[in-house]
Each structure stands twice: as C-alpha cells, then as structure tokens.
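Residue-level structural notes
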Amino acid sequence: MKAVFIKADQCAPEATSHGTQKRVILRGGILPDVTQVAVATLHESDVVELHSHPTMYENYFVLEGRARYIAGDETYEIAPGDFLAIPPGVPHRPVVVAGPLRFFYWGIATGGL
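Notes on the structure in this doc start here.

Here is what the cut-offs are and how they apply
Residues numbered from 1 in each chain as written. Predicted model: local features only at pLDDT ≥ 70, side-chain atom pairs only at ≥ 80, totals over all residues. Heavy atoms only, no water. 1 Å grid on protein atoms, 1.4 Å probe; cavity = no way out; pocket = protein on both sides within 12 Å on 5 of 7 lines; lining within 4 Å. Points joined across faces, edges and corners; volume = space filled by probe spheres on them. Helix = DSSP H or I, 4+ residues; strand = E, 2+ residues; numbered from the N terminus. Nonpolar A, V, L, I, M, F, W, Y, C, P; charged D, E, K, R; others polar. Core = buried A, V, L, I, M, F, W, Y, C linked by side-chain atoms within 4.5 Å. Buried < 20%, exposed > 50% of the residue type's maximum accessible area, 1.4 Å probe, protein only. Contact = heavy atoms within 4.5 Å. Phe/Tyr/Trp six-rings, centres within 6.5 Å; stacked < 30°, edge-to-face > 60°.

Overview of the layout of surface pockets
The calculated volume of the largest pocket comes to roughly 330 Å³. In terms of lining residues, the largest pocket is bounded by 21 residues, among which H18, K22, Q36, E58 and Y105 are the most central. Of all elements in the fold, only β3 (34-42), β4 (56-71) and β7 (92-109) reach the threshold of two or more residues within the lining of the largest pocket. Considered class by class, the residues forming the lining of the largest pocket number 10 nonpolar, 9 polar and 2 charged.

Structure follows, in structure tokens:
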C-alpha cells in the first residue's frame, strides 16, 4: 500500500445528512475500518438532531469554537484541543454555544457495515 496524501483545502464542501457543511478528506474503503474522515463547520444557528450509529465509533477533535456535546446521558463542554469518541449506538448531538464550531472527525467501523 502507498501512503495516502490529500490536501483538505482542495476537497469541495458538501452537505451532511444533518443539513450542515463538511469537507470529506477520505471516504470509506481507503483505510481499514475507517468509514470517513472529514472537517465540518457548524454555526450557532445549525441544529443537528439526536442520532446514533449502530456500528461505528464517531471521533472528534475540536479545532475552533465551543459546544455542549450531548452523548447518551452525559453532556460535555468541548473546546479547541478537545477529543471526544462516541461509541456505537450512543445517541449524540452537538449544540454550538460559540461558533463557528470546526472539528476534524472520523468514523471507525466495528462490523456490520
């Protein structure tokens, strides 16, 4: 296998299933068990519905902004430099409190995809 090199700033913005924007850096099938690698930006007016992924860990590294991140029965105050991993099946959603919230995120499949 060769190294994978992608310039994130050359990835076109696209809509997420939540109606927000992301730049997909890497799609599934390139690295084992990685479903997607992306950078997303959320604004204070954006609403992400509570949702879960039955067979995927969703991992976040916050680049800028602040949010309350609801994950299951917990709420986390996230800020630049924070890392958060949401296990499969856990309902979650961010609520931006100081935007824009920009984060690097990736999914890791646990099977069944």
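A word on the nonpolar core
In this structure, Y60, L101 and F103 are the most contacted members of the largest nonpolar core, which totals 16 residues. Among the secondary structure elements, those contributing two or more residues to this core are β3, β4, β6 (83-86) and β7. Ranked by the residues each element gives to this core, the list is headed by β4, at 5 residues. Ignoring any residue separated from it by four or fewer positions in sequence, one finds Y60 in contact with Y69, D82, F83, L84, I86, H92, F103, F104 and Y105.

Points about the packing of aromatic side chains
Here a ring pair, both rings aromatic, is described through the centre-centre distance and the interplanar angle of the planes. Scanning the entire structure with this criterion turns up 6 aromatic pairs. Their ring planes at 50° and their centres at 5.0 Å tell us that Y60 and Y69 sit as a pair that is tilted. Like Y69, Y60 is buried. Summarising the aromatic geometry, the rings of Y60 and Y105 are spaced 5.9 Å apart at their centres and angled 20° between planes, so their arrangement reads as stacked. On the criterion of sequence distance, the pair formed by Y60 in strand β4 and Y105 in strand β7 is long-range, its members being 45 residues apart. The two residues Y60 and Y105 agree in class, both being buried. Pairwise contacts between aromatic rings join Y60, Y69, F103 and Y105 into one cluster.

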